Amino acid sequence: MGDGSGAIYYRGAELPLLPPETAAGEIGMVFQNPEAQIVMETVWQELAFSMENLGLSPSVMRGRLAEMAGLFGLEPLLYKPVHELSGGQKQLVNLASVLLLHPRLLLLDEPTSQLDPVAAREFIYLLRRLNEELSMTVIISEHRLEEALPLADRVLVMENGRMAADGSPREIVRAAGSRLGEGHYAYLPAASRLFLALSASPAAAPTDTIPLTVREGKRWLESAVEEAQSASPVSAERSIPSAGPLEKNAAGPARIDLTRLGGSGKGNTLEGARLWENGGVGSSFSRSGSGAFAGEAQSSGTGETLLECREVTFRYEKDGPEILKKLDFSLYRGELTAILGGNGAGKSTLLQLMAGLLKPQRGRVALPKGVTAGYLAQNPLLYFSHDTVSEELRHMAKYAGLSDSEGKREIASLADAFGLEGVLGSHPHDISGGEQQKTALAMVLLLRPDILLLDEPTKGLDPAAKEHLAELLTALAVAGKSVTFVTHDVEFAARYASRCAMLFDGSMAAEGTPEAFFGANYFYTTAVNRMVRDRLPQALTVEDVMADWQRFVSRS
Amino acid sequence: MSGFRSMHPSVAVVYYAGLLLFTLLLFHPVFLLTEIAALLGLMLLQGQGRRIAGSLAFCLIVAVPAALLNPLFSHRGAVILFYFMDQPITLEAVLYGLMMMVVLISVFVIFLSYNYTVTPDKFMYLFASTAPKSALITLMTLRFVPLFQRRLRRIALIQGARGVSVREGSLRSRMSDGMTLLKTLLTWSLEEALQTADSMKARGYGIRRRTSYAVYRLDRRDIRVLAGLGAGALGTLWGWFQGYGMLMLYPRLKPPVFTWQEAAMYAAFCLFAALPLWVEGKEKWLWRSSARKSLPSAIQGKKGLHWTGYRSQ
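Keep in mind that this is a model prediction, so the values were computed, not measured.

Details of the pattern of salt bridges
Residues and elements named next belong to chain A.
Item 1. Scanning the entire structure with this criterion turns up 27 salt bridges over all chains.
Item 2. When the shortest N-O distance is used, the salt bridge between Arg 333 and Glu 304 registers 2.8 Å. Taken together, the residues span a long stretch of sequence, with Arg 333 in the loop between strand E9 (324-332) and strand E10 (336-340) and Glu 304 in the loop between helix H13 (290-299) and strand E8 (305-314) at a distance of 29 residues.
Item 3. On the accessibility criterion, Arg 333 (21% relative accessible area) is partly exposed.
Item 4. With a relative accessible area of 41%, Glu 304 lands in the partly exposed category.
Item 5. As a salt-bridge pair, Glu 410 and Arg 448 come within 3.3 Å of each other at their nearest N and O atoms. Taken as a pair, Glu 410 in helix H16 (residues 404-418) and Arg 448 in the loop between helix H17 (433-446) and strand E13 (451-455) lie far apart in primary sequence, 38 residues in all.
Item 6. Several salt bridges converge on common partners, so that one network encompasses Arg 11, Glu 26 and Arg 104.

Have a look at this one:
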């Protein structure tokens, strides 16, 4: 498959010439999809699989397995069927199975992209331990760097098949501020992004002052505030142009604020004020035309209720636990709602109930007459049954009852909006994960649902794809649909949602605008908020902080 | 896992293989009914009553017609009971039909209990050392059955929303929809299989002869039970060679006579059939009261626990 030239050396030997035993034993690899890597039925079989392949004797295997199960805390899971494990546990099993061969080099291909943040953090810290305690070389490819970047010794940035940068994490942050450009901002940890956005001259700052973690970020912020205050009027002015690098990005918060207002109409005075400040920039959001957009925002200002869950109670089996308990929840027109919650809290179940795929045992999911709901599952592959993307869309249009010409028009406009023109002729399995998701979303939208329900839409997407998805969802909400997504991605919810809700113990534990919702949380909030909450409890994103930087400096 | 399930897989395989063999060899209602009773007792002790109840209907649907149809088609035998649509219904044929029903039921119960006790990994474990690759491939294949079922359920849920469903529509559209679902399942699964293959290769599959990680150890209890099973089986087989344990129905019913040899054979068979029941029952007995203060133990010589009655040494 594919062509290649050049050579890769492992400990002085060319890779293809390496004996297969050495290659399998000394170089371990963990892949992206936790499920697809698993070969066996139960955990102990899966763990033993690699050792059996290398023909180790039973006593050696027993010893190694005992050790590894202890290190990973896998003893309680040993006899469980693999499919009963959570994604994080599966990935742990995959890692442990590889480590049982005692590799010297560990390669990981986006190992946490399919995991929720808690499991991802645990996984990354486990890698850190392996690196520190066994001095194992770990190479990890990743685009979610909040946790991974501060732990790395060396960071390589790849771009279009070339090495764009190579250095320590702090050097990379500085390079992103000057040489690499804004496209790389989204990959950096929040503390570094805040630093780049607020620092007067990021390129001139000494390397070891560049913050990577929340703790370092907070410390840097305090010193920056002090500095700004001591150099009073002059520096206060200077700090405005210093916010320069992200000025262009400020369209981001503006459009969110607008949709917030267009949503349930719960916008508080702070939002109103910010809307004013950024009003001019807001018009740069032109995908759906700002004129139409403004009109829509006014007309749907009251927030017509599109769906109402009334005391919904649900369980999967007769004797099973109640997943949802007397849950009350409503969706409104023009809103972008985020539902957050831990693993197994019932988020996906709630979405499927609202989509009408499941029926509650008690309570009711009420939709006004003529209102329909569309559901996008986590795995877009479930939607594909034809040979090309355009065929998928055509069949869906036919099912939606559109005439040929109407369908064609609709498909063309969706393909245009989603950037799918290039892949219409490809097999749905051959396109990237982001494109697969957009294709599935386009298929759901062909049914013209008023309510769109998405299950973990940001899972496995890189920041650029996330941004694109957010634009699409915002445009849909602006066009008068009610968009609801379930997510683990706190940063995404904080940035783009107009309302956040927390599902816990079978019902909604908290609900509100992102500011109110995350501002009230202590840990379950964005990294930026954790850094600045002492001074700006409502600021959730770098842009929020920038908008309030002046007051932030003057307040203390 | 406790009781019979916690024993070495070879014990369970010997037990079920032996039962199956005796079901086919011995054509005698007393033996077969004893066997069914022992297995049902075992399953009830294992808390599988619901499973039995759940599969009872299916079992009867298969077995009862055998009993009803045999006398209609077979007219051998000397004792004619009555005529049904000008066909003679003989006592022998009725009894033979009933016996067939009992055989079917006992085979069914054997597999029901086998499925619960011998999980695929246990079975494969026994063959892993002789045929490691085939064992692995069989295990992987067996895993795919429930995996595909789970995937198909998810696909059906999603595709239902675009009108692809096997539950409604004409037979033709149902069939084509079914094919669509299968196609989705296959493309998805093949896609995943590519990654599985990568992961297998990265973990050194196929570079050496596989060894097998042993989780089961043949302990003393296993050996004792195996010995007991062996003795029971030998006794039963001896009786079979002597011609006991066979009910003569055709050409004419012979009145059954119980000799002491046959009684000895029956005792041996009971030992064989009921040994797991005893193993399971003993453990249940140990735990029978939750109000007990001391931890139960089956080891002889501990004060106050003589009533556990463990005297095999």
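Section: the interface of chain A and chain B
Item 1. Between chain A and chain B, the contact holds 55 residues from the first and 40 residues from the second.
Item 2. Interface area for chain A against chain B, summed over the two sides, is near 4,500 Å², with a carbon-plus-sulfur share of 56%.
Item 3. Put simply, chain A and chain B have five salt bridges between them.
Item 4. One can count 23 residue pairs in polar contact (both at pLDDT 80 or more) joining chain A with chain B.
Item 5. Contributions of two or more residues to the side of chain A that touches chain B are made by helix H1 (20-26), strand E3 (27-30), helix H2 (43-53), helix H3 (58-72), helix H4 (87-99) and helix H15 (389-399) of chain A.
Item 6. Considering only residue class, the side of chain A that touches chain B consists of 32 nonpolar, 15 polar and eight charged.

Observations regarding the UniProt feature "transmembrane region" (unreviewed entry) in chain B
Item 1. According to UniProt, the feature "transmembrane region" (unreviewed entry) maps to residues 12-32, 52-73, 94-117, 123-145, 225-243 and 263-279 of chain B in the numbering used here.
Item 2. The span residues 52-73 of chain B carries 100% helix and 0% strand; its end-to-end C-alpha distance comes to 31 Å.

Looking at the sheet that holds strand E5 (residues 137-141) of chain A
Residue and element names in this part refer to chain A.
Item 1. What the three strands build is an open sheet, ordered E3-E4-E5; its pairing is parallel. The sheet is open, and its two edges are formed by E3 and E5, each paired on a single side. Averaged over all pairs of adjacent strands, the angle between their axes in this sheet comes to 15°, without regard to strand direction.
Item 2. Note: E3 against strand E4 (residues 105-109), four bridges, orientation parallel. Bridge assignment links Gly 28 to a residue of E4, and that residue is Leu 106.

What counts and how
Residues numbered from 1 in each chain as written. Chains lettered and ligands numbered in written order. Predicted model: local features only at pLDDT ≥ 70, side-chain atom pairs only at ≥ 80, totals over all residues. Heavy atoms only, no water. Salt bridge = Lys/Arg side-chain N within 4 Å of Asp/Glu carboxyl O. Helix = DSSP H or I, 4+ residues; strand = E, 2+ residues; numbered from the N terminus. Buried < 20%, exposed > 50% of the residue type's maximum accessible area, 1.4 Å probe, protein only. Contact = heavy atoms within 4.5 Å. Buried area = accessible area lost by both parts, 1.4 Å probe. Polar contact = N/O pair within 3.5 Å; in protein donor to acceptor, adjacent residues only side chain to side chain. Nonpolar A, V, L, I, M, F, W, Y, C, P; charged D, E, K, R; others polar. UniProt positions renumbered as here; feature names shortened; annotations may be inferred. Pairing = 2+ DSSP bridges. Axes fitted to C-alpha atoms, helices over the stretch in contact; angles between N-to-C directions.

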